[in-house]
Amino acid sequence: MSWTKKHLLDIESLTAEEITTVLDTARGFKAVGERAIKKVPALRGKTVVNLFVEPSTRTRISFELAAQRLSADIVNFSAEASSFKKGETLKDTALNLQALNADFIIIRHSASGAPHFLSRVLNAHVINAGDGAHEHPTQALLDAFTIRERKGKIAGLNVTILGDILYSRVARSDIWALTKLGAKVTLCGPATLVPKTFEKMGCRVTHDVDEAIRDADVINLLRIQHERQRKTMFPSIGEYTQLFGLNKARFAKTKPDALIMHPGPINRGVEIDSEIADCGRSVILEQVTNGLAVRMAVLFLVNGGKALAETVN
Amino acid sequence: MPDATVILDATAIQRALTRIAHEIAERNERSADVALVGIPVGGDHLAARLAKILSGIWNHPVPVGILDTSMHRDDLDQRIAPTVHPTEIPFDVNGKTIVLVDDVLFSGRTTRAAMDALNDFGRPKKIQLAVLVDRGHRELPIKADFIGKNVPTALDEKISLLLTESGAAADQVILKKK
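Being a predicted model, the structure only gives us computed values, none of them experimental. (Residues numbered from 1 in each chain as written. Chains lettered and ligands numbered in written order. Predicted model: local features only at pLDDT ≥ 70, side-chain atom pairs only at ≥ 80, totals over all residues.)

Topic: unusual backbone geometry
Across residues other than glycine, the phi torsion is negative in most instances, and most of the peptide bonds are trans.
In step 1: G264(A) connects to P265(A) through a cis peptide bond whose omega is -5°.
In step 2: Among the secondary structure elements, P265(A) is positioned in the loop between strand 9 (259–261) and helix 10 (274–277).
In step 3: Each neighbour pair has its own omega, and for P40(B) with V41(B) the value is -5°, a cis peptide bond.
In step 4: Tracing the backbone shows V41(B) in the loop between strand 2 (34–38) and helix 2 (43–58).
In step 5: Positive phi is not limited to glycine here, since N101(A) has a value of about 65°.
In step 6: Examined against the element boundaries, N101(A) turns out to sit in the loop between helix 3 (90–99) and strand 3 (104–109).
In step 7: At H137(B), a position not held by glycine, the phi torsion is positive, near 65°.
In step 8: The residue H137(B) is located in the loop between strand 5 (126–134) and strand 6 (146–150) in this model.
In step 9: Looking at H137(B), the number of C-beta atoms within 10 Å reads 13, which means it is partly exposed. (Helix = DSSP H or I, 4+ residues; strand = E, 2+ residues; numbered from the N terminus. Buried ≥ 20, exposed ≤ 12 C-beta atoms within 10 Å, placed from the backbone.)

Here it is, written out as structure tokens:
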């Protein structure tokens, strides 16, 4: 067992061994979800706060259920109905939550680095549920879990991430996690959204979608993030679908056992053809199931993480 | 290795398991109600070996499960998170006599966690406890029903088990100074 971290802030600072520890631990928690009694007392008496300054439904619900299945109490805090509207700073809001004896703060924020900042001012465990375009560590962990479960391994696999990479925190976390675990990662999409600079992260960049998906063992499709981009990145959604969408013709050219993944929410008919999203090789709903197990594992592991060990990082 | 004593060798381990199996058979007349549940790491191998001996005594297969106790421990915020092992209980525990099998009985806290974890799968009629080694130093009112060997120990000593599922000649239980 090799987990000594007090927080989960990003994938970049994790070792391959730490990532594997999360995946191994999540396997046990996935089994808990399949039982008649889906709850264990591991975090009994602990308080978890979902501090979602940027809206989210699936990640928030997933963390909420994860905390509940570990017997913790959970409070949901959303920006729309909060004191942010009245001008309170993030630090003051977090300190107020800590004054209520919150043990875990799960934060989603539009600013990159917000979880790192909170980890420096709070005693509570901080878990990053997505910070700007920086990282979304639990998504990468659940993606890695899903690939490993389906393929039996990650090292040596060809993983293609297709879509809006530039604005995607999922892409960044996935690239860190999968390359650390030995996968060969290829990024593809419009040149404006997939700049060559990503090659510095240890992956390959191409703008030829047919070439990118031909040898892929896993195709991870990302949503076009309307909310994060200016209109000038590509001419139209229709053109994106035409040039980069996973349609039936392109799907027919993929390896017969290539997995189709998507972090959701999916835009049917935009980045993915509706029938492909529902086909047997699509693991989109398994990703949701696995996300719950991975988040339980993360809460369980950081609970044992020591503040002392964190300073060694 | 200095300060290390072999307290059970492969032959002694097999003999102890055979005796425990006969004691389990003697205590439980309704053999069809008995199932074994091993606590990893160590207890799962022992449970499989006990089940094999018991099925020879009873002339029918004896169900075996594996029960992870890590999520039910009482010290989770005082230590680095323990390894989570898979739990496999391939039978209905309701109404059964469950014999929990562990390698070493020490504080009794793992046994307490195991009883809690088992309750999530149903309500056994009885729970009994079989251990290969009882080293004393209980912190809870827990007592084993079947014991391979009582080993008085000091708190600064450590018991290590080298066990295989089949029971190889190299199997050993060793007592050493920390």
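From this point on, the discussion continues.
A word on the domain arrangement of chain A
A common measure of how large an interface is: the accessible area buried when the components associate.
Residues and elements named next belong to chain A.
In step 1: With domains assigned, chain A is organised as domain 1 (16–136 + 289–306) and domain 2 (137–283).
In step 2: The gap between the C-alpha centroids of domain 1 and domain 2 is 26 Å.
In step 3: Listed as interface residues are 20 residues of domain 1 and, on the opposing side, 21 residues of domain 2.
In step 4: Elements that contribute at least two residues to the side of domain 1 that touches domain 2 include exactly helix 1 (16–33), strand 4 (125–131) and helix 11 (284–304). (Domains from an automatic or database assignment. Contact = placed C-beta atoms within 7 Å.)

As for the pairing of strand 2 of chain B
Residue and element names in this part refer to chain B.
In step 1: Of all five residues making up strand 2, five are buried, and the element is well covered by its neighbours.
In step 2: Along strand 2, one buried face is formed by V34, L36 and G38 and the opposite face, lined by A35 and V37, is buried too.
In step 3: Taken together, the five bridges between strand 2 and strand 4 (residues 97–105) define a ladder with parallel strand orientation. Each residue of the ladder has a partner; that of V37, found in strand 4, is L100.
In step 4: Across three bridges, strand 2 lies against strand 3 (residues 64–66) in parallel orientation. Residue pairing for strand 3: L36 is matched across the bridge by V64.
In step 5: In this region the chain leaves strand 2, passes through helix 2 and returns to the parallel neighbour strand 3; the handedness of that crossover is right-handed. (Pairing = 2+ DSSP bridges. Right-handed = clockwise from strand over helix to strand, strands pointing away.)

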